[in-house]
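So you can see what is in the structure, the chains are spelled out below.
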Amino acid sequence: MRAFLWGLAAALALPPVHFLPALLFSLPAFLRLLDEAGSVKRTIYTAWCYGFGLAIAGLYWITEPVLTEASTFWWLVPFAAPALSAAVAFYTIIPALAVRWVKPGFGRLLVFAGAWELSNIAQQFWFSGFPWNFWGTDWTIPGRLGDVFIQPAAWVSVHGLTLATVILAGLPMFGRRGLAALVGILALWASAGWLRLQTPVAPTGLNIALVQPNFPEPPDYSRPALEANWQRMLAMSNAGLQAGANAIIWPEATSPWLLDSDAGARQQLAAVTGATPVLAGSLRVESNTDFRNSLVVVAGPVPALAVYDKWKLVPFGEYMPKWLPLKIIPDMLDGGFTPGTGPENITVDGLPPFAPMICYEDVFPGQMIDEQHRPAWIVVITDDAWFGDSAGPHQHFINARLRAVEEGLPLARAGNSGISAMFDPFGHVTAYLPLDAQGVLVAPLPGALPPTLFSRLGLMFPAILGVVAVFAGKLVSRWI
């Protein structure tokens, strides 16, 4: 029970609360509980309880989309968040076992931090991947303070921030020297972040309209409702044009018509937007059994200029993993969406080449950009209305912020219910529309920075840092 409660306390550091001092108490307490565990079995149980507390407090909002379909999935309501949290909690066992045979001291902390980071990287890939609520995200504090502390993500990604966070959280165990080291490292960290923020960025001279219609979920698929939604999107797009937009971005799946195949819909849109590029979230139907969640680029009544199909699909929401054959995907999708082929860059006349991401895809660091053909900016379209005014949309939002820093690229994010925003390549929010608001945000598109260290080396670099921390910790523990 104590481990579970300390896990709950650690969740206070996660977005949107960002109470990082909670880790200074929670992590040392967890390590002490591991010392008291005695047997391997008890160590595993203690670690799982801590991980379950951390996960259930950070992922409670997973139940929200189930509640929107409670008449169908009522049986899932009590199990959704606990089941996911129980699964995620197993990753906490990895660092707990890694330090079981390491004597207490700074070396042990290094081993634990490295193993914790490596378990996060594993969480990004194993069982379809769920890289959510890593402790590196704790530093995405709103405003300039957060801007400063997230800059090292350009070198080591969110995983490297997690590694540093675990080490810092454990330093109070070493008394005054540990606290002094904590203050010194934070000062160096802040200085490095501040210096990076002084890098000049050239403007692109382009204005981008982010449309936030705030349609309710679940959708109303009646013909009058779909027509009303279409007219709203046309009117809001026109408002963006009148405000001087050079391109318009619609959120995920907000087009009620299949823009890729519906020539009549494209003609109606062209009557409003002319030849201005519209980057629209739209479903696609390839066959009776092939459905795609897509971004379709249109400019005028001609056929679509480009199409991107989402390839990192949400398990249990957009497809059913083969390793858990439960049927909770609506029959209308015949088992789920078909994934796309992978990361792409899209080039459209009048716009710099961009990398599209749809919803959940932006939570995967180092996997969603084609670095061989580096884009000039990132476009994220999403629909977080399913999660209401919970922590979920805020946690999702900060992932986009970190991707901008990691890649050194500006990022435009259009959300159905929000949060829509423009980020510069430092992850600074230059303009935004709040959650659960309706509006059109027209903002300048910032320029890009040169390729970052992380964009060049990818996930290999933070993984190496984790391995080095583990081996360095074992050596320090042996010698000191």
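What counts, and where the lines are drawn
Residues numbered from 1 in each chain as written. Predicted model: local features only at pLDDT ≥ 70, side-chain atom pairs only at ≥ 80, totals over all residues. Heavy atoms only, no water. Patch = residues over 30% accessible without salt bridge, like charges linked within 9 Å, V, L, I, M, F, W, Y side chains within 5 Å. Areas by Shrake-Rupley, 256 points an atom, 1.4 Å probe, with all protein chains shown as cover. Salt bridge = Lys/Arg side-chain N within 4 Å of Asp/Glu carboxyl O. Helix = DSSP H or I, 4+ residues; strand = E, 2+ residues; numbered from the N terminus. Buried < 20%, exposed > 50% of the residue type's maximum accessible area, 1.4 Å probe, protein only. Lys, Arg positive; Asp, Glu negative; His and termini not counted. Contact = heavy atoms within 4.5 Å. Pairing = 2+ DSSP bridges. Phe/Tyr/Trp six-rings, centres within 6.5 Å; stacked < 30°, edge-to-face > 60°. Lys NZ or Arg CZ within 6 Å of the ring centre and 35° of its normal.

Caption draft 1: Representation of a nonpolar patch on the surface in the model. A surface patch of nonpolar side chains, about 430 Å² in accessible area, is lined by I94, F125, W126 and F127. By the secondary structure assignment, W126 is in the loop between helix 8 (106–125) and helix 9 (144–150). By relative accessible area, W126 is classed as partly exposed at 47%.

Caption draft 2: Layout of the side chain of E407. Summarising the element assignment, E407 is placed in helix 14 (residues 391–407). No salt bridge is formed by the buried E407, whose closest oppositely charged neighbour, R374, lies at an N-O distance of 4.1 Å. Once you skip the residues sitting within four places of it in the chain, E407 turns out to touch I369, E371, R374, I378, T452, F454 and S455.

Caption draft 3: Focus on the pairing of strand 4 (residues 290–298). For strand 4, the tally of buried residues reaches nine of nine residues, placing the bulk of the element in the interior. Burial along strand 4 is two-sided: the residues D290, R292, S294, V296 and V298 and F291, N293, L295 and V297 are all buried. Once strand 3 (residues 278–287) ends, the chain turns through two residues before running back antiparallel as strand 4. Note that strand 4 and strand 5 (residues 306–309) share four bridges and pair antiparallel.

Caption draft 4: Spotlight on the pattern of salt bridges. Overall, the coordinates contain eleven salt bridges when judged by the stated rule. Put simply, E286 and R284 hold a salt bridge, and the shortest N to O gap is 2.8 Å. Look at E286 and you get partly exposed, because its relative accessible area is 46%. Overall, the relative accessible area of 9% leaves R284 in the buried class. The residue D309 makes a salt bridge to R292 at a minimum N-O spacing of 3.0 Å. With D309 in strand 5 and R292 in strand 4, the pair connects residues that are 17 residues apart, well separated along the chain. Each member of the pair, D309 as well as R292, carries the same accessibility label: buried.

Caption draft 5: How the structure looks around the packing of aromatic side chains. Scanning the entire structure with this criterion turns up 20 aromatic pairs. In this structure an aromatic cluster arises from ring pairing among F30, Y50, F112, W116 and W135. Its guanidinium or amino end placed over the ring of W101, R100 lies 5.5 Å from that ring's centre, counting from NZ or CZ. Between K312 and the ring centre of F364, over which it is positioned, the NZ or CZ distance is 4.4 Å.

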